[in-house]
Amino acid sequence: MWHNRYEACYYNDGTFTVTDQTGKVVGGMTYIVLHYVYVSEFFPTYEQNILISPTSNAWGAAVGTTVNGALTCTGGTCTGLQNDFPMQPLNVTSHFADGQGVFGTTVSTVGSTGFPTHRLDYWFHGPQFGQSINGWSSWQRVRCDNAVPGVNNVRCINYRYTPTMTYSLTGPYPELARHIQDALNSGLPGAVGGTPLKRETDSAKVDANGRRACPSPGYTRPQGKSCDEYPFRSTQQGASTANPQGPARTFTWCSIPEPTGVTGPIGYSVCMIDSTQNSTGGSILNSQFYLPYRVIQNDPFTVSITP
């Protein structure tokens, strides 16, 4: 298995055997079926590509085997736009068979989602046995939605992949990155390999997270600084929506009168950082992460800090 938010592929292997009327095996070959799914940030369609490739030469009654197939989707939220898997020869040294399906979605209403299931059917054919009983496999990895706040469009995504938002300590938002790094190192959730954050899209809950972490009036704000909170206010682990809720923590460089040296996953962190970095760095979380990666309500994600 290999995947990211826009692409996913996996393979399964199989053995094809030909038997005579007595049940004796008189031919066969081994093969793999490679599935590849591609979705687009810009279109409400997606593609599934299939490759069937022998891993051993056919022998006996299986010599001369060809294959064809059909790609379909089910689940009530997908439509087939193209299905092309014609009859093709199979040979371990020179011939593999490939097919393609292009699909759309019936999802349209704002807030709606759909989870189509794909099915591949394929049939082997040979001069000594006619047509085989079909082989098949199914796969559900695509979600189509119109549920990203702030936009009204339908797109599809490989929803089983957990995306990661990355900030750099030497990038345009170094103070923001430093605060997140310190917060993660103190044990708060969201680190790659740890407990992920989950998106919160309810605006009232998002605002409540912000008010609790950075009340106004509240902390004294140094010149050119503003209050930053982690976990992000747009998560279910935010200061108000977290369950269980916990106390604030901060760090010695943050100019906030809250306890330092606090560790563990319960609670939240606050820090005074450069106000431009805070506002712009927060904006790109939406524009360069939530929107293109279709991070909707309850979607898990992680945060990475690079040098």
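Computed from a prediction, not measured in an experiment: that's the story for all the values here.

## A closer look at the overall build of the chain
Counting its secondary structure elements, the chain contains 3 helices and 21 strands. A principal-axis box enclosing the C-alpha atoms of the chain has dimensions of 85 × 40 × 35 Å. Sorting the 307 residues of the chain into buried and exposed places 45% on the buried side. Surface exposure of the chain reaches about 14,300 Å², of which carbon and sulfur atoms provide 52%. Of the side-chain charges in the chain, 18 are positive and 19 negative, and the distance between the mean point of each set is 7 Å.

## Side note on the pairing of strand E14 (residues 142-145)
The side chains of a regular strand alternate, first on one face of the sheet and then on the other. Alternating residues of E14 divide into Val-142 and Cys-144 and Arg-143 and Asp-145, and every residue in both groups is buried. Looking at chain direction, strand E10 (residues 113-114) and E14 are connected through 2 bridges and run antiparallel. Paired with Gly-114 across the strands is Cys-144, a residue of E14. Pairing geometry for E14 and strand E15 (residues 155-158), over 4 bridges, is antiparallel. Note that in E15 the partner of Asp-145 across the bridge is Arg-155.

## Things to note about helix H1 (residues 174-185)
Over its 12 residues, H1 runs 16 Å from end to end, which matches the ideal 16 Å to within 8%, given 1.5 Å per residue. Along H1, the positions that sit buried rather than exposed are Leu-176, Ala-177, His-179, Ile-180, Asp-182, Ala-183 and Leu-184. Phi for Gly-187, located one or two positions after H1, is positive at around 110°.

## Side note on the environment of Asp-182
With respect to the element layout, Asp-182 can be found in helix H1. Asp-182 sits in the buried class, given a relative accessible area of 18%. Taking the C-alpha atoms as reference points, Asp-182 and Ile-305, separated by 123 residues in sequence, lie 9.9 Å from one another. Residues in contact with Asp-182, not counting those within four places in the same chain, are Phe-251 and Trp-253.

## Looking at the packing of H1 against helix H3 (residues 275-290)
Look at H1 against H3: their axes get within 8 Å of each other, and the N-to-C directions meet at 75°. Judged by the angle between their axes, H1 and H3 are roughly perpendicular. For the pair H1 and H3, the contacting residues are Pro-174, Glu-175 and Leu-176 in the first and Gln-277, Gly-281 and Gly-282 in the second. In the contact of H1 with H3, the residues fall into 2 nonpolar, 3 polar and 1 charged.

## Observations regarding the state of the cysteines
Enumeration over the complete set of coordinates arrives at 4 disulfides. There is a disulfide in this structure between Cys-214 and Cys-227, and the S-S distance comes to 2.0 Å. Judged by the sign of its S-S torsion, about -70°, the cystine formed by Cys-214 and Cys-227 is left-handed. Taken together, the positions of Cys-214 in the loop between helix H2 (203-213) and strand E18 (225-230) and Cys-227 in strand E18 put the pair 13 residues apart, joining distant regions of the chain. Accessibility classification places Cys-214 together with Cys-227 in one group, the buried group.

## Observations regarding the nonpolar core
With 34 residues, the main nonpolar core has Phe-16, Tyr-46, Ile-52, Tyr-122 and Phe-124 as its most contacted residues. Looking at this core, the elements with two or more residues in it are strand E2 (7-19), strand E3 (25-39), strand E4 (46-54), strand E6 (66-74), strand E9 (97-105), strand E11 (117-126), E14 and E15. Looking at which element gives the most residues to this core, the answer is E3, with 5 residues. For Tyr-122, the residues in contact, after removing those within four places along its chain, are Tyr-31, Val-33, Ile-52, Val-67, Asn-68, Gly-69, Asn-134, Gly-135 and Trp-136. In this structure, Phe-232, Phe-251, Tyr-290 and Ile-305 belong to the second largest nonpolar core, which totals 24 residues.

## Describing empty space enclosed by the protein
All told, the structure shown has 1 cavity of 30 Å³ or more when counted by the stated rule. By volume, the largest cavity amounts to about 30 Å³. Listing elements by their share of the lining of the largest cavity, those giving two or more residues are E2 and E3. In terms of residue count, E3 provides more of the lining of the largest cavity than any other element does, 3 residues in total. Across the lining of the largest cavity, the residue classes break down as 6 nonpolar, 1 polar and 2 charged.

Criteria and thresholds
Residues numbered from 1 in each chain as written. Predicted model: local features only at pLDDT ≥ 70, side-chain atom pairs only at ≥ 80, totals over all residues. Heavy atoms only, no water. Helix = DSSP H or I, 4+ residues; strand = E, 2+ residues; numbered from the N terminus. Buried < 20%, exposed > 50% of the residue type's maximum accessible area, 1.4 Å probe, protein only. Areas by Shrake-Rupley, 256 points an atom, 1.4 Å probe, with all protein chains shown as cover. Lys, Arg positive; Asp, Glu negative; His and termini not counted. Charge placed at Lys NZ, Arg CZ, Asp CG, Glu CD. Pairing = 2+ DSSP bridges. Expected span 1.5 Å × (residues − 1). Contact = heavy atoms within 4.5 Å. Axes fitted to C-alpha atoms, helices over the stretch in contact; angles between N-to-C directions. Parallel < 35°, antiparallel > 145°, perpendicular 65-115°, else oblique. Nonpolar A, V, L, I, M, F, W, Y, C, P; charged D, E, K, R; others polar. Disulfide = S-S within 2.5 Å. Core = buried A, V, L, I, M, F, W, Y, C linked by side-chain atoms within 4.5 Å. 1 Å grid on protein atoms, 1.4 Å probe; cavity = no way out; pocket = protein on both sides within 12 Å on 5 of 7 lines; lining within 4 Å. Points joined across faces, edges and corners; volume = space filled by probe spheres on them.

Geometry only, nothing functional implied.
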